[in-house]
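# Structural overview for review
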Amino acid sequence: MPKRLLVLPILVLAVLMGWPAAAQTINGGPLVLWIAGDLYAADPGPPSLPPRALTQMGVISGPSLSPAGDWVAFKAAAPVGLAALDRIQTDGLIAAYDLPADLYLIDPRSGSTALVAGQPANPSLLVEGVADNATVRSAPAWSPDGTRLAWMEFPFGAAEARLFQYDLGQRLVAATGITAPVVEGRAPSVLWGQGGIAINLGLSASGDQEFRLIAADGTALSTVTLRPTFNETVLIEDWVQDGERSLFGVLLSSGWWTLFDPA
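Since the model is a prediction, treat every value here as computed from it, not as a measurement.

### Considerations on the nonpolar core
Formed by 25 residues in total, the largest nonpolar core has its most connected members in Met152, Leu163, Val190, Ile197 and Ile199. Residues Ala76, Ala77, Leu85 and Tyr104 belong to the second largest nonpolar core, which totals 15 residues.

Laid out in structure tokens, this is it:
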């Protein structure tokens with residue numbers, strides 16, 4: 001089996017939560033920084049105060065601020081995957097398969113953390129003579145009203161991922177009937193906006209970039225395709241408001257936006 005590549009973030013993700021000097025304020029909270037796989041909070045006050053560490057995992061990715069600014073949801077590489085990396089020795093090319101991951105919520109004010117979705121009982125990965133038993137997940141996406149999270153997940157080694165949702169009020173994780181192919185060993189990414197949920201299906205065999213658009217209640221809306229020209233890449237995917245309509249938009253490296261009506 002090829003060794004799985006763990007990619008640690010080396011950039012800084014700053015999400016504004018009530019920084020006094022900014023125009024946008026959300027509940028007077030701290031500035032949250034994502035640095036080298038961990039989260040830090042810079043509280044309003046004297047600039048000489050150093051940011052305080054919210055986590056000490058070193059393996060966090062995909063942090064997402066809730067619409068109200070009171071929670072940050074994130075994905076973290078699960079211990080079962082990290083242990084597998086420590087055991088496996090390979091030479092040459094390392095395949096960029098995603099590691100099993102757990103999903104968490106953290107309150108950036110208090111630092112309290114809650115597990116949203118963990119690994120199955122008796123997890124195992126790439127142990128000789130033992131069946132793999134681990135779950136790979138995409139980063140979580142917030143619903144526009146901040147009451148739910150959505151992500152794609154699949155058992156390690158499976159070819160198809162399923163959409164899951166978490167209801168914060170009921171503290172309930174529920175699988176939906178929406179599935180999508182696993183993309184190069186990774187769970188398809190999820191983007192939730194006013195127009196619904198967009199699932200990135202990756203490139204088709206013909207080279208088209210495909211997205212599946214569904215309503216928040218799980219109703220299928222459409223599958224849209226975009227054929228980038230030579231050397232173009234997708235820079236941004238987002239839901240865009242056009243008056244009362246919500247359109248799904250894709251920005252290419254050429255600078256062109258393409259907008260899709262989800263219906």
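Moving on from the model shown.
### Some points on the sheet that holds strand β17 (residues 220–226)
Read from one edge to the other, the open sheet built from 4 strands follows the order β14-β15-β16-β17, with strand pairing classed as antiparallel. The open sheet is flanked by β14 (190–193) and β17, the only strands paired with a single partner. Averaged over all neighbouring strand pairs, the angle between strand axes comes to 20°, with direction disregarded. Both β14 and strand β15 (residues 196–203) contribute to a ladder of 4 bridges, which runs antiparallel. Residue Gly193 lies in a different strand from β15, and its bridge partner there is Gly196.

### Considerations on the sheet that holds strand β6 (residues 72–77)
Sheet strands pair via backbone hydrogen bonds, and the direction of the pair is either parallel or antiparallel. Taken in spatial order, the 4 strands of this open sheet run β5-β6-β7-β8, and their pairing is antiparallel. For this open sheet the edge positions go to β5 (60–65) and β8 (113–117), each flanked by a neighbour on one side alone. Between one strand axis and the next, the sheet turns by 25° as a mean value, whatever way the strands run. Here 4 bridges tie strand β7 (residues 101–106) to β8, and the two strands are oriented antiparallel to one another. Bridged to Ile106 within β8 is Thr113.

The rules we used
- Residues numbered from 1 in each chain as written.
- Predicted model: local features only at pLDDT ≥ 70, side-chain atom pairs only at ≥ 80, totals over all residues.
- Heavy atoms only, no water.
- Core = buried A, V, L, I, M, F, W, Y, C linked by side-chain atoms within 4.5 Å.
- Buried < 20%, exposed > 50% of the residue type's maximum accessible area, 1.4 Å probe, protein only.
- Pairing = 2+ DSSP bridges.
- Helix = DSSP H or I, 4+ residues; strand = E, 2+ residues; numbered from the N terminus.
- Axes fitted to C-alpha atoms, helices over the stretch in contact; angles between N-to-C directions.

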